[in-house]
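Observations on the model geometry
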Amino acid sequence: MKYEIALLRGDGIGPEIVDSAVRVLKAIAVKFGHEFIFTPYLIGGAAIDEVGVPLPDATVEGCLRSDSVLLGAVGGPKWDTLPGNLRPEKALLGIRKALGLFTNLRPARLYPALKDSCPLRESVAANGFDIMIVRELTGGIYFGDRGYREGKYGEEAFDTECYSRFEIERIARVAFETAKKRRSKVTSIDKANVLETSRLWRKTVHELAAEYADVECSDMLVDNAAMQLVKNPAQFDVVLTSNMFGDILSDEASQITGSIGLLPSASLSDNTRGMYEPIHGSAPDIAGKGIANPIATILSAAMMLRYSFSLSAEADAIENAVSSVLNDGLRTADIAAKGDPFLTTAEMTDAITERI
Ligand code: NAD
């Protein structure tokens, strides 16, 4: 098969880690007989430096022409003093909107080999966990009516949470379909004891659950979910959330895995084109040193194969190669024990491609 992949390398460590993922994808192409065509486009600070805006039209058009998009990260101190609409990070909202990415998939997995990096109690970490957070990305309070007004106590500000049945059903369907490919369990997060949007959320999820008799579905209040994530993360398979609850819970989940350098993400639309990126930022403190952990971006490429191209065996090959290097004790600086030797970005990429 032949696939066109847009590369948005971005800033800081972005170019280093995207290039690692490209090397791994090239190894997959050879092993499985595919053709991946990579086309780079400017985004973030690199785009500001080159053409004066963080998200050039040519980048949006190129992504829309591609089968999928791989993003490194954007931002850095060089551009921190620019006005809001010219900041590199502005490009992220713009590209998500242009591609209609309403689903955010964030796996949070504790690799057995890395359980010592987990900040949770040993008895909790010992069970490991493998959670997939399915977060709604284009609705809710981040996109609702907002403003300032005069209130009872003078100036006040307000934000509005609004969800339609359509938006809830659309994201819930993604969660149920995802669960079918995993351990068939969905935990739907809401605050139905207080919020009207949550009551519609819960009702809509229950109605849809009737179509998925083979998937176990339960509700959990968001405050309880925040506690359960640190008390017993192994209980979760797929966690379905609104935009804001998912923003908060997915960061909590990423922290209990022990390293930000390992976690991939996928943002999906209603077609097969998605955008795949590590959850971390551009790490300006280590940019150019060749020591960034490429695994989050490499695993993002695996998600691209699985979710955009339906290439499960190829995705498995990458994920197994990553597990294998970790099981063999290979570490980059961020996950090595203090004083232990570690691999550079290029050496870790070599080790993964060799196992493919
Ligand atoms: P960050 O994720 O870039 O870095 C936080 C810490 O984690 C740093 O110490 C960094 O060295 C380390 N780290 C991150 N990724 C790593 C990797 N792959 N390997 C090893 N260590 C890694 O977050 P930050 O420092 O808050 O932000 C830096 C810049 O990135 C800012 O300009 C911010 O706006 C931007 N940012 C971009 C995105 C994105 O592009 N999606 C996301 C978050 C932050």
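Residues numbered from 1 in each chain as written. Predicted model: local features only at pLDDT ≥ 70, side-chain atom pairs only at ≥ 80, totals over all residues. Heavy atoms only, no water.

The next point concerns the overall build of the protein chain. Along the protein chain, the regular secondary structure elements total twelve helices and twelve strands. Relative to the globule expectation of 21 Å for 356 residues, the C-alpha radius of gyration of the protein chain, 20 Å, shows essentially globular dimensions. By principal-axis analysis of the C-alpha atoms, the protein chain measures approximately 60 × 50 × 45 Å. Residues classed as buried in the protein chain amount to 51% of the 356 residues present. At a minimum sequence separation of 6, the contacts of the protein chain that also span at least 24 residues come to 76%. Summed over all atoms, the accessible surface of the protein chain reaches about 15900 Å², with 52% contributed by carbon and sulfur. For the protein chain, the separation between the mean place of its 38 positive charges and that of its 49 negative charges on side chains is 2 Å. (Helix = DSSP H or I, 4+ residues; strand = E, 2+ residues; numbered from the N terminus. Rg over C-alpha atoms; globule rule 2.2 N^0.38 Å. Buried < 20%, exposed > 50% of the residue type's maximum accessible area, 1.4 Å probe, protein only. Contact = heavy atoms within 4.5 Å. Areas by Shrake-Rupley, 256 points an atom, 1.4 Å probe, with all protein chains shown as cover. Lys, Arg positive; Asp, Glu negative; His and termini not counted. Charge placed at Lys NZ, Arg CZ, Asp CG, Glu CD.)

Our next topic: the side chain of Glu-167. Relative to the helices and strands, Glu-167 resides in helix H6 (residues 165-180). At 2.9 Å, the side chain of Glu-167 and the backbone nitrogen of Ser-164 are in polar contact. Residues within four places of Glu-167 in sequence aside, it is in contact with Thr-138, Gly-139 and Cys-162. (Polar contact = N/O pair within 3.5 Å; in protein donor to acceptor, adjacent residues only side chain to side chain.)

Looking now at the domain arrangement of the protein chain. With domains assigned, the protein chain is organised as domain 1 (1-101 + 271-356) and domain 2 (119-256). Each of domain 1 and domain 2 was reduced to a C-alpha centroid, and the two centroids are 26 Å apart. Contact with domain 1, which involves five residues of that partner, is made by five residues of domain 2. With both sides pooled, the region where domain 1 packs onto domain 2 buries about 410 Å², and carbon together with sulfur makes up 74% of that total. Where domain 1 packs against domain 2, one counts zero residue pairs in polar contact (both at pLDDT 80 or more). Its residues assigned to classes, the side of domain 1 that touches domain 2 comprises four nonpolar, no polar and one charged. (Domains from an automatic or database assignment. Buried area = accessible area lost by both parts, 1.4 Å probe. Nonpolar A, V, L, I, M, F, W, Y, C, P; charged D, E, K, R; others polar.)

Here we take up the pattern of salt bridges. Pairing between side chains of opposite charge can happen when the charged atoms of each approach one another. In this structure the tally under the stated criterion is 24 salt bridges. For Arg-173, the salt bridge is made with Glu-169, and the minimal N-O distance between the two is 3.2 Å. Residue Arg-173 and its partner Glu-169 are located together in helix H6, separated by four residues, close to a single helical turn. For Arg-173, a relative accessible area of 28% corresponds to the partly exposed category. Since its relative accessible area comes to 31%, Glu-169 is described here as partly exposed. Where Glu-211 meets Arg-173, a salt bridge forms, and the shortest distance between an N and an O atom there is 3.1 Å. You can see Glu-211 sitting in the loop between helix H7 (196-209) and strand E9 (216-221) and its partner Arg-173 sitting in helix H6, a full 38 residues away along the chain. Take Glu-211: its relative accessible area is 52%, and that puts it in the exposed class. Salt bridges sharing partners connect three or more residues here, namely Asp-130, Arg-182, Arg-183 and Asp-237. (Salt bridge = Lys/Arg side-chain N within 4 Å of Asp/Glu carboxyl O.)

Our focus in this paragraph is empty space enclosed by the protein. For the structure on display, the rule yields three cavities of 30 Å³ or more. Approximately 50 Å³ is the volume attributed to the largest cavity. Together, Glu-161, Tyr-163, Ile-189, Asp-190, Thr-197, Ser-198, Trp-201, Ser-242 and Phe-245 line the largest cavity. Of all the secondary-structure elements, those providing two or more residues to the lining of the largest cavity are strand E8 (185-190) and H7. Examining the composition of the lining of the largest cavity, we find that three residues originate from one element, H7, more than from any other. In the lining of the largest cavity, the residues fall into four nonpolar, three polar and two charged. Taken as a whole, the second largest cavity spans an internal volume of roughly 40 Å³. If you trace the second largest cavity, you find it lined by Ile-133, Ile-189, Ala-225, Leu-229, Phe-236, Val-239 and Leu-249. (1 Å grid on protein atoms, 1.4 Å probe; cavity = no way out; pocket = protein on both sides within 12 Å on 5 of 7 lines; lining within 4 Å. Points joined across faces, edges and corners; volume = space filled by probe spheres on them.)

What follows is about the nonpolar core. Ranked by size, the top nonpolar core spans 63 residues in total, and within it Ile-5, Phe-36, Val-134, Phe-176, Leu-240, Leu-305 and Ile-352 carry the most contacts. With eight residues, helix H10 (residues 295-308) is the single largest residue contributor to this core. Two domains each provide a minimum of three residues to this core, namely domain 1 (1-101 + 271-356) and domain 2 (119-256). Ignoring any residue separated from it by four or fewer positions in sequence, one finds Ile-5 in contact with Leu-25, Phe-36, Ile-37, Phe-38, Thr-39, Ser-66, Ser-68, Leu-70, Met-304 and Phe-309. (Core = buried A, V, L, I, M, F, W, Y, C linked by side-chain atoms within 4.5 Å.)

So, on to the site of the ligand. The immediate surroundings of the ligand are formed by 20 residues, with Val-74, Glu-89, Gly-281, Ala-283 and Asp-285 found nearest. Here an oxygen atom of the ligand and a side-chain polar atom of Glu-89 are 2.4 Å apart. Residue Asn-293 places a main-chain N or O atom 2.9 Å away from a nitrogen atom belonging to the ligand. In isolation the ligand offers 810 Å² of accessible surface; the protein chains occlude 69% of this area. For the shell around the ligand, the residue count by class is nine nonpolar, seven polar and four charged. (Near = heavy atom within 4 Å.)

This paragraph deals with the sheet that holds strand E3 (residues 68-73). If you walk across this open sheet you meet the ten strands as E2-E1-E3-E12-E11-E4-E5-E10-E8-E9, and the pairing is mixed. On the outer flanks of this sheet lie strand E2 (35-40) and E9, each paired with one strand and no other. Mean inter-strand twist for the sheet, computed between neighbouring axes without regard to direction, equals 25°. As paired strands, strand E5 (residues 129-136) and strand E10 (residues 238-241) are joined by four bridges and run parallel to one another. Residue pairing for E10: Arg-135 is matched across the bridge by Thr-241. Here H6 sits on the sheet in contact with strand E4 (103-110), E5, E8, E9 and E10, set at roughly 160° to E5. Most of the contacts of helix H8 (residues 222-231) go to E9, to which it runs at about 105°, and overall it touches E5, E8 and E9. (Pairing = 2+ DSSP bridges. Axes fitted to C-alpha atoms, helices over the stretch in contact; angles between N-to-C directions.)

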